[in-house]
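Single-letter residue listing:
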Amino acid sequence: MEQHVTPCEDAPPPLMYRVERPVFDEAYLHTQLLHPRERSPKTIRQRLAQAKAIALSFLPILTWLPSYPVKEYLFGDLVSGLSTGVMQLPQGLAYAMLAAVPPVYGLYSSFYPVLLYTFFGTSRHISIGTFAVISLMIGGVVVREAPDSMFTIQALNGTATNTTVFIDTEARDARRVHVAVVLTTLVGVIQLVLGLLRFGFVAIYLTEPLVRGFTTAAAVHVFISQLKYLLGIQTPRFSGPLSALHSVTAVFSDITSTNVTTLIVGGVCMVVLYCVKDLNERFKKKLPVPIPGEIIVVMVSTGISYGLSLSENYQVDVVRTIPSGLLPPAIPDFSLLPNLVTDSIAIAVVGFSMGISLAKIFALKHGYSVDGNQELIALGLCNFVSSFSHTFAITCSMSRSLVQESTGGNTQIAGLLASMVVLLVVVAIGFVFQPLPQTALAAIIMVNLLGMFKQFRDIPALWRTSKIELAIWLVAFVASVLLGLDLGLLVALGFAILSVIYRTQSSETCDSASLFQAAECTGIKIFHSNSSIYFANSDLYLNALKEKVISAAVCVSVCGIWKVISAAVCVSVCGIWKVISVAETHTESDSEETRFLEPLCPVHTLILDWTPVNFIDSVGAKVIKEYAAVDVCVFIAGCSRTLLAELRTLQFFTGVATPEMVFPTVHDAVLHSRRRTAPPTIPAIQ
């Protein structure tokens, strides 16, 4: 006979959780259970092990190179290094234009820092080198400190009244290189000092919406700056507030002088690059390595420019001189430092934020960890040491990092090989790229901005999820577009900090009975707040507490004395509230006044649930201590050991506040309160 078994019959019994222990308070825990362990002195072996760990943390390459699995990793690193190096070349040349320095300095910046990061970096997959946002920020500073107007020369055309004004480009470029190098030196020093001081956490203040809004605005600036190269027109480069609007106005004012040949070459390059990127994206699982569209465009456009003499016959601007070999090291001109401090701080923080965010993504994907402080040190050394060899500031590039990881790169051996590819070009065949049209480099830059422009999709997503984060995104974008990247970043940071203050001041408060839909014990109120208690929100915390607990009382203030009508009498002296409750029972001989003052709000115990509280300052501690002076008994529950240490430092446990009023859990506090207020047991008469 077939039996039908219901699912309930086979269900396992519910898990039971039973704990039986005495009620603990902080006085008992601190004196009886928590005894600090005595630290024994370190042995020589322990000290040597600690020194070795410090050395390995400073030179991460020593942790993985001795055990490098050649058979498993070498081929992937070789393919990845060659692919990334081929990509480094055109991007180095192009991003040097953004930094307002000659293209060869982009190649220098694609060699020295990459070589150094191999030894000092903790990420195995990011590609260090030139990056559009950082290059643009450098270019803004360089143009500000060395504008074209500083290098104008008037030449006579036969007569004293007929003169021609032209720009001494050689002197201008030399000055701009000096500015970029000194700026890079200062950026490196700042990053190095922050890393040594263990300030790797500074990146957390650049939240993801802020960074994405900022980089989207940077993409707008980059796109606008490349319009004149794409069209082949001559316009001045602007910096500072409203520079983007001035640049657009200048381009459209002179658009009638567009060089058609330049526009055609640039347009064709953009179409080819876009199609190649689309093919790489669609068939990335089938292609062993991505199609190197950028180097193809560079080589083909260079060949066409050389064969057709585009520079002489069609007035197409080309890269021109690329000196062979590496320049000898030189000491930067430090007299420029005072004007560059603010800019260097912004570039240092943005560069590190870009690098660590991408490094963490790859580390999470491949199951290893990166050290934020060591990354700061690594970037600082890359910028500082390389600046003596005429480089400008660098960070990691998202597009190159994706190529380095997707083509099989396992370690920074791939980055080392990529730097060797760049070195080969600089030393041996750099002259080949002298006929390269600048419009082709502009096309490379513009097409690489597509990924950043896709970040506009964040707006509808943030609208559905978080209005505050949407506001941060929009403020970062609008401020950076209108005010420039340096001031825009400062405004965005200020707004992000204000949003944190707003959230702490507008945190939700409630009593735990309504929060957890639990039954409330008579006379006991459990107050729960989702924020820490400090000077900015201590009054709000106290007001919310009064509103929740004494909502039945109607208080009237006369000369600092508060009188509760029909419920209780509250006396306020110097901010101390005193609730006077009248006995609930009365005899027939009680007066009418006594009957009238029978309490409507019989709360005798307040339990402050401080489980979410992370910190408290002296103002918050003072407010809570004053509130603890009322006849209503105040207990605190759920404090972390860090918070308790802060309370002791603030001398909170003096006077009315004692360790006996602090309990490890809310349940401990409730049990203690119920026992304290329970009526005494009368023994039976024999």
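Residues numbered from 1 in each chain as written. Predicted model: local features only at pLDDT ≥ 70, side-chain atom pairs only at ≥ 80, totals over all residues. Heavy atoms only, no water.

Taking an unreviewed UniProt entry as the reference, the protein is identified by name as Solute carrier family 26 member 5 belonging to Oncorhynchus mykiss. According to the UniProt record, the Subcellular location (unreviewed entry) comment for the protein reads "Membrane". (UniProt positions renumbered as here; feature names shortened; annotations may be inferred.)

It is at 11 Å that the axes of helix 15 (residues 341-366) and helix 17 (residues 398-406) come closest, and there the two elements cross at 20 degrees. Here helix 15 is positioned roughly parallel relative to helix 17, judged by the angle of their axes. The crossing of helix 15 and helix 17 is right-handed. Judged by residue contacts, L358, F362, K365 and H366 of helix 15 engage M398, S401, L402 and E405 from helix 17. Tallied by class, the residues present in the contact of helix 15 with helix 17 amount to four nonpolar, two polar and two charged. (Axes fitted to C-alpha atoms, helices over the stretch in contact; angles between N-to-C directions. Helix = DSSP H or I, 4+ residues; strand = E, 2+ residues; numbered from the N terminus. Parallel < 35°, antiparallel > 145°, perpendicular 65-115°, else oblique. Left-handed = near helix turned anticlockwise from the far one by under 90°. Contact = heavy atoms within 4.5 Å. Nonpolar A, V, L, I, M, F, W, Y, C, P; charged D, E, K, R; others polar.)

If you look at the biggest cluster of nonpolar residues, it comprises 81 residues, and the most contacted ones within it are V133, M137 and I138. Ignoring sequence-local partners within four residues, the contact set of V133 consists of F214, T215, A218, V350, M354, M452 and L485. (Core = buried A, V, L, I, M, F, W, Y, C linked by side-chain atoms within 4.5 Å. Buried < 20%, exposed > 50% of the residue type's maximum accessible area, 1.4 Å probe, protein only.)

The predicted structure's coordinates, where accompanied by low pLDDT, should not be read in detail. Looking at the protein as a whole, its pLDDT mean stands at 82, while 84% of the residues score no less than 70. In this model residues 552-601 is a low-confidence stretch, pLDDT under 50, and it forms 69 contacts with partners more than four residues away in sequence or in other chains. (pLDDT = per-residue confidence, 0-100.)

Counting across every chain of the model gives twelve salt bridges. D148 is the partner of R176 in a salt bridge, and the nearest nitrogen-oxygen pair spans 3.0 Å. Placement of the pair is R176 in helix 9 (residues 169-196) and D148 in the loop between helix 8 (132-145) and strand 2 (152-157), with a sequence separation of 28 residues. As a salt-bridge pair, K284 and E281 come within 3.3 Å of each other at their nearest N and O atoms. Several salt bridges share partner residues, and in doing so they unite D148, R172, D173 and R176 into one network. (Salt bridge = Lys/Arg side-chain N within 4 Å of Asp/Glu carboxyl O.)

Right, let's get into the packing of aromatic side chains. Taken as a whole, this structure holds 16 aromatic pairs when the rule is applied. Relative to Y541, the ring of F527 lies with its centre 5.4 Å away and its plane at 90 degrees, an arrangement referred to as edge-to-face. Residue F527 is located in strand 6 (residues 524-529), and its partner Y541 is located in helix 25 (residues 538-549); the two are separated by 14 residues in the primary sequence. Taken individually, F527 and Y541 each receive the classification buried, so the pair is uniform in this respect. Through pairs of rings, three or more aromatic residues link up here, namely F223, F453, F456, W473 and F477. Over the aromatic face of Y368 sits the side chain of R124, whose NZ or CZ is 4.4 Å from the ring centroid. The ring of W463 carries K467 above its face, with NZ or CZ at 4.6 Å from the centroid. (Phe/Tyr/Trp six-rings, centres within 6.5 Å; stacked < 30°, edge-to-face > 60°. Lys NZ or Arg CZ within 6 Å of the ring centre and 35° of its normal.)

On the surface, L242, L245, V478, L482, L483, L487, L490 and V491 cluster together into a nonpolar patch covering about 630 Å² of accessible area. With respect to the helices and strands, the residue L242 is situated in the loop between helix 10 (208-231) and helix 11 (243-253). Classification of L242 by relative accessible area gives partly exposed; the value is 38%. (Patch = residues over 30% accessible without salt bridge, like charges linked within 9 Å, V, L, I, M, F, W, Y side chains within 5 Å. Areas by Shrake-Rupley, 256 points an atom, 1.4 Å probe, with all protein chains shown as cover.)

Another aspect to go through is unusual backbone geometry. Among all residues save glycine, negative phi is the norm, and among peptide bonds the norm is trans. In this model, R320 sits at a positive phi of 70 degrees, which is unusual for a non-glycine residue. Its place among the elements puts R320 in the loop between helix 14 (310-314) and helix 15. The exposure class assigned to R320 is partly exposed, which follows from its relative accessible area of 49%. One non-glycine residue with positive phi stands out, namely H390, at about 70 degrees. Along the chain, the position of H390 falls in the loop between helix 16 (372-387) and strand 4 (395-397). Exposure remark for H390: the relative accessible area of 16% places this residue in the buried category.

With that settled, consider the pairing of strand 11 (residues 605-609). Among the five residues of strand 11, five are classified as buried, and the element is accordingly described as predominantly covered. Both faces of strand 11 are covered, namely the face carrying T605, I607 and D609 and the face carrying L606 and L608. Here strand 6 pairs with strand 11 via five bridges, running parallel. Within the sheet, the bridge partner assigned to F527 lies in strand 11 and is L608. Bridge count for strand 11 against strand 12 (residues 633-637) is five bridges, and the pairing is parallel. For L608, the partnering residue across the bridge sits in strand 12 and is I636. (Pairing = 2+ DSSP bridges.)

This part is about helix 15. Residues separated by three or four positions in an α-helix point in the same direction, a consequence of the helix having 3.6 residues per turn. The terminal C-alpha atoms of helix 15, which comprises 26 residues, lie 37 Å apart, in line with the 38 Å expected from a rise of 1.5 Å per residue. Positive phi appears at G367, one or two residues downstream of helix 15, with a value of about 75 degrees. (Expected span 1.5 Å × (residues − 1).)

Right, let's get into the side chain of S123. For S123, the location among the structural elements is in the loop between helix 7 (112-120) and strand 1 (127-129). On the accessibility criterion, S123 (1% relative accessible area) is buried. Here I126 takes part through its backbone nitrogen, which lies 3.5 Å from a polar atom of the side chain of S123. In this structure S123 touches Y117, A359, Y368, V370, E375 and Q412, once residues within four positions along its chain are discounted. (Polar contact = N/O pair within 3.5 Å; in protein donor to acceptor, adjacent residues only side chain to side chain.)

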